[in-house]
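Below are the chains, spelled out letter by letter.
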Amino acid sequence: MTAGDPFGTAELRARVLAAWAASPARFREDANAEDDLVRGGYRDRVVVELAQNAADAAVRAGVPGRLLLTLRDEVLLASNTGAPLDAAGVESLSSLRASSKRDDAGVGAVGRFGVGFAAVLAVSDAPEVASTTGAVRWQVAAAAAAVAAVPGLAAEVTRRGGHVPVLRLPYPSDAAPLDGCTTTVRLPLRDPAAVELVRRLLDEVDDALLLALPGLREVVVEVGGEHRVVADAGRWQVVRRDGAASADLLADRPVEERARPHWSVTWARPLSGQPVPPVLHAPTPTDEPLDLPALLVASFPLDPTRRHVAPGELTDALVVEAAAAYVELALGVDDITARLAMVPGPVAAGRLDGALRAAVVRALGDAPLLRSVSGEPLSPREAVAVVGLGLSAVRVLGDVVAGLVPDHPVLERLGGRRIALADVVDLLADLDRPPSWWRGLYTALAEGAVDTEALGALPVPLADGRVVRGARGALQPDDGIPPGAPALGLRVVHPDAAHALLLRLGAAPVTPRSVLERPEVRAAVADAWHHPDPAELADAVLGLVRAADPRPGDLPWLGALVLPDQDGEPARADELLLPGTALADLADTTELAAVHPELVERWGARTLAAAGVLADLTVVEVHDVLLDPAAVDEDSPLPGLADWVAWCLTRVAPTDQPPVARTVSGVPELDVVDDDAWVAVLSHVARRPELRAAVVEPVVVDLGAGSRALVPSYAAWFVRAHGYLAGRPPTQWTVRGARGLAGLYDELVDELDSELADLADVDPVLLAAIGVRTSLDALVAEPGGGDELLARLGDSGRSVPDDTIRAAYRAVSRLDPDSVTPPASVRVRPDLVVDHNRVVVLDAPHHLQLAWDPPPLVVPLEWGGDLAEVLDLTPSSELVAGQVDDEAAGEARPVPDAVRGVLGPRCPATWCEHDALSVGDREVAWWLDHDGTVRAATLDGLARGLAWAAGRWDARLLVAALLAEPERADELVAESALHERPY
């Protein structure tokens, strides 16, 4: 060594060149190794490696490390404090994989391989290191010239394109370190790409660098005049561990590593929300991905690329040590929730990440990570959590469930138990706690999202000392216990336990109406006859009725309440009358008694009427009634509802499933109306809109598949079935001027009392709804209407006008024969009714000329045949032989052209003239043989015969005029054109 070459670089170069001259293979190995490092493992590590060297220098000198990184004029300067460069250091920098730090026994030193400085060649062709002890440089051009002078290497250099190992050939330099610094590394940057890379690497310098290199206390970065200091590693929670690896763990590692068995692990958790680098630092960043909430800096063995962890026993052992250090890091977090947030998830980012996650989870499972309710440390494997249960509830239940902790999803991963809330509710069933304790539990449970299903069996203390499971059906008082609760069997929550949570779980707030509508109250009323003290029950219920003040009929089941009648005998409320009320004047008092006068005095008419005592007509609604008589509730408040259902089924089309009547309105008090009071009842109904609507409004029936039908109301049916107007059912009367029914029914208006006589005129809709007949069409449209019409026609005590007879039979002819029962008697004339088996329906006009006994039924020929089929009557053509007595006496005659022109193509061309005609000794004017021959003894007879034969019976009078006055043919035909149907 000389003063100009204090580190003996000439001697180093000579040894290296001699070795290469002696072994070109050694040259190739050194060249390949440096090229691999520069292009591979250290291609983007120049800043980190410079920082590592600065940290090691500070450790060796035992001083706080400081590093200044300056990028100026395309030159990177790295100046640091600490131990200066010495000859061993220069030799290390110039010798690949031969670190001078092998004897630094791990006290803060992090460089381990002697290769980090090679990173400078990724950005510079002329690196230079100046220290207080001297300076050294390397240069690509100088190295290439020196190698070219070595015999036998020229061809190899040529083959490598002039690339030679640069760092193996150091040269002395006269440079000096930056003032105040021990050592300065100067890197002239090769090109713009190198400048851009260095600028990016300098921007990435942050707290993580100080954490990875604890020998550094401060790093200053100066770029383009901007000054940045990185010195605050205190924003991190840090746990460090180190030790020496046993020989068996290092058996598969290189010699240099076996000589330095020291290992270290550092975890750093950010305290201010700063991001965590997503890779392992060993100690500088690797490409080994980690996805944990803390930075890991550890001396894991690396593969030759220095990018990934090498597998082996040492790595496995360091994973265990890292997991133990991670537990220490987690235990250093005061907040339990924040601790549990550090538990790694199940999805790993890589092989090492997966191994660390598994080891950390195992270690955390046995660590005192949690706290019991009393504050004692508790490991997750000893803990029990209830899914969804918060801290407040845990505090209340801490003495009920051992090891109970607030719920957290990661507890199961750590070996803890997570049980369902319903399981804890089951544990509470046998607890003996005061009502206030239960209220505290309800408060705690209500702080989170309430799982009403899981809490369905939650114990609830009652005012009577019992504890029941489940709030549903319980009553929660706001102000004291409702009167009469014992008599009514109510489940009333103890006032000290009352809580809004119970309402959410199905308890009902205590109001007079809510108590009155409780199933327990309804059951007690329904079983009132068997109650041990009916008077006590009546007092309790009537007290609630008075307070709730429902309308009469709102709660029809109250009618089963047992009350004393006027003689003190027990009776159902709905079988008692309130004296002086509307219904008292309308009801059948032979079947009903008055309520006891003391009850009226004590409770008042309003309360008793609301409780079901009969006072006035009320409207009761029943919903979703299945139109199946067998399915009707026997306890329905509407008497005879099953009969109405059966009646409705005759009015709707058959369906696959029973139809459903959505809302059925009824007036239950109609069941007690006196037979002589129905006109007064209807007058009362007509004046009350709600009662009238219950009668006249049809019921909507859902037939399924979106189809609906309308049927008469239950109330209308009840009046039809049970009511009497002037001594007859409503269906036996008609309204004034009922169309098509004259003579068949009596008009109701003529029979009503004078004071109610205007009912038929004022409210015909109401009368029609209850069955009073309004028209022939409405009658036959009803199921069974055809049979009733025929019965009325067959009533021999009535005189029926011809037009009514004709309209009635026309309506009957349109009916389905299967829907009509042939009557025993048939009206053939206004005042003549004939036995069914003797009636003949005239189906040909020439049959009118014969003698009939009894007279035939004469109706229009167009539909007479249909009527005969519907009523199963005999047509006249089946009884008449159809031939005249002396056919040979006639003489054929042509039919005049004018007549044929009127009657059309079916008109016969000839006819047979007779001086006289007879059929069965009965003289006739004309006849039509079975073969279509028209026979006539008179012109009028001929006109009728030709018209009937041609199918133009309507033209018979015109034909008669043409035959009588053929000279007026044009005039008569023109005149007929004035008719709606010209002949």
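Conventions used here
Residues numbered from 1 in each chain as written. Predicted model: local features only at pLDDT ≥ 70, side-chain atom pairs only at ≥ 80, totals over all residues. Heavy atoms only, no water. Helix = DSSP H or I, 4+ residues; strand = E, 2+ residues; numbered from the N terminus. Contact = heavy atoms within 4.5 Å. Lys, Arg positive; Asp, Glu negative; His and termini not counted. Charge placed at Lys NZ, Arg CZ, Asp CG, Glu CD. Phe/Tyr/Trp six-rings, centres within 6.5 Å; stacked < 30°, edge-to-face > 60°. Buried < 20%, exposed > 50% of the residue type's maximum accessible area, 1.4 Å probe, protein only. Core = buried A, V, L, I, M, F, W, Y, C linked by side-chain atoms within 4.5 Å. Patch = residues over 30% accessible without salt bridge, like charges linked within 9 Å, V, L, I, M, F, W, Y side chains within 5 Å. Areas by Shrake-Rupley, 256 points an atom, 1.4 Å probe, with all protein chains shown as cover. Salt bridge = Lys/Arg side-chain N within 4 Å of Asp/Glu carboxyl O. Expected span 1.5 Å × (residues − 1). Pairing = 2+ DSSP bridges. Axes fitted to C-alpha atoms, helices over the stretch in contact; angles between N-to-C directions. Parallel < 35°, antiparallel > 145°, perpendicular 65-115°, else oblique. Left-handed = near helix turned anticlockwise from the far one by under 90°. Nonpolar A, V, L, I, M, F, W, Y, C, P; charged D, E, K, R; others polar.

Draft legend 1. Expanded view of the overall build of the protein chain. Looking only at helices and strands, the protein chain has 35 helices and 43 strands in total. Taken along its principal axes, the extent of the C-alpha atoms in the protein chain is 175 × 95 × 50 Å. For the protein chain, the proportion of contacts with a sequence separation of at least 24, taken over those separated by at least 6, is 65%. Between the mean site of the 87 positive side-chain charges and the mean site of the 145 negative ones, the protein chain shows a separation of 14 Å.

Draft legend 2. View of the packing of aromatic side chains. Inspection of every chain in the model, using the stated rule, returns nine aromatic pairs. Arranged with centres 5.7 Å apart and planes meeting at 40°, the rings of Tyr-714 and Trp-717 form a pair that is tilted. Placement of both Tyr-714 and Trp-717 in helix H25 (residues 714-722) is noted, with a separation of three residues, approximately one turn of the helix. Neither residue differs from the other here; Tyr-714 and Trp-717 are each classed as buried.

Draft legend 3. Spotlight on the environment of Val-735. With respect to the helices and strands, Val-735 occurs in strand S31 (residues 733-739). Between the alpha carbons of Val-735 and Thr-286 there is a distance of 104 Å; along the sequence they are 449 residues apart. Contact partners of Val-735, with chain neighbours within four places excluded, come to Glu-747, Leu-767, Val-772, Arg-773 and Thr-774.

Draft legend 4. Quick peek at the nonpolar core. Residues Trp-644, Tyr-809 and Leu-857 are the most contacted members of the largest nonpolar core, which totals 86 residues. Broken down by element, the residue count for this core peaks at six residues, all from H25. Contacts of Trp-644, omitting those with residues within four sequence positions, involve Leu-627, Ala-661, Val-664, Val-699, Val-711, Pro-712, Ser-713, Tyr-714 and Trp-717. One finds Leu-71, Val-90, Leu-202 and Ala-212 within the second-largest nonpolar core, a separate group that totals 52 residues.

Draft legend 5. Looking closely at a negative patch on the surface. A grouping of Asp-248, Asp-252, Glu-313 and Asp-316 is seen on the molecular surface, where their side chains present a negatively charged patch. Structurally, Asp-316 can be placed in helix H10 (residues 313-331). For Asp-316, a relative accessible area of 49% puts it in the partly exposed group.

Draft legend 6. Spatial organisation of helix H20 (residues 534-548). In this model H20 runs 21 Å from its N-terminal to its C-terminal C-alpha over 15 residues, within 8% of the 21 Å that 1.5 Å per residue would give. When H20 is considered as a whole, its buried residues turn out to be Leu-537, Ala-538, Ala-540, Val-541, Leu-542, Leu-544, Val-545 and Ala-548.

Draft legend 7. Geometry of the pairing of strand S35 (residues 832-835). With four bridges connecting them, strand S34 (residues 825-829) and S35 associate as antiparallel partners. Residue pairing across strands places Arg-829 opposite Leu-832, the latter belonging to S35.

Draft legend 8. Spotlight on the side chain of Ser-636. Among the secondary structure elements, Ser-636 is positioned in the loop between strand S27 (620-626) and helix H22 (641-649). By relative accessible area, which is 17% here, Ser-636 ends up buried.

Draft legend 9. View of the sheet that holds strand S29 (residues 699-704). Taken in spatial order, the four strands line up as S27-S28-S29-S30 in an open sheet, and their pairing is antiparallel. At either end of the open sheet lies a strand with only one pairing partner, and these are S27 and strand S30 (707-711). Between one strand axis and the next, the sheet turns through 20° on average, direction left out of account. For S27 and strand S28 (residues 660-666), the ladder comprises six bridges, and the chain directions are antiparallel. By the bridge assignment, Val-620 is partnered in S28 with Gly-666.

Draft legend 10. Here's a closer look at the pattern of salt bridges. By the definition in use, this model includes 39 salt bridges. For Arg-893, the salt bridge goes to Glu-891, with nearest N and O atoms at 3.3 Å. Assessed through its relative accessible area of 43%, Glu-891 is described here as partly exposed. The salt bridge partner of Arg-935 is Asp-929, with a shortest N-O separation of 2.6 Å.

Draft legend 11. View of the sheet that holds strand S17 (residues 404-405). Spatially, three strands are ordered S17-S16-S18 in an open sheet, and the strand pairing comes out parallel. If you trace the sheet from one side to the other, it starts and ends with S17 and strand S18 (417-419), each paired once. Pairing of strand S16 (residues 384-386) with S18 involves three bridges; the strand directions are parallel. In the sheet register, Ala-385 faces S18, and the bridge partner there is Arg-418.

Draft legend 12. Summary view of the environment of Val-812. Turning to its location among the elements, Val-812 is positioned in helix H30 (residues 802-813). Judged by relative accessible area, Val-812 falls into the buried class, the value being 0%. On a C-alpha basis, the gap between Val-812 and Val-870 in space is 7.3 Å, while along the polypeptide they are 58 residues apart. Filtering out sequence-adjacent residues up to four positions away, Val-812 remains in contact with Leu-789, Leu-790, Leu-867, Val-870 and Leu-871.

Draft legend 13. Broad picture of the packing of H10 against helix H12 (residues 351-365). At a minimum axis distance of 8 Å, the contact between H10 and H12 shows a crossing angle of 50°. The angle between H10 and H12 places the two elements in the oblique class. In terms of crossing hand, the pair formed by H10 and H12 is right-handed. Here Thr-315, Val-319, Ala-322, Ala-323, Tyr-326, Val-327 and Ala-330 of H10 lie close against H12, whose contacting residues are Leu-352, Ala-355, Leu-356, Ala-359, Val-360, Ala-363 and Leu-364. Grouping the constituent residues of the contact of H10 with H12 by class yields 13 nonpolar, one polar and no charged.

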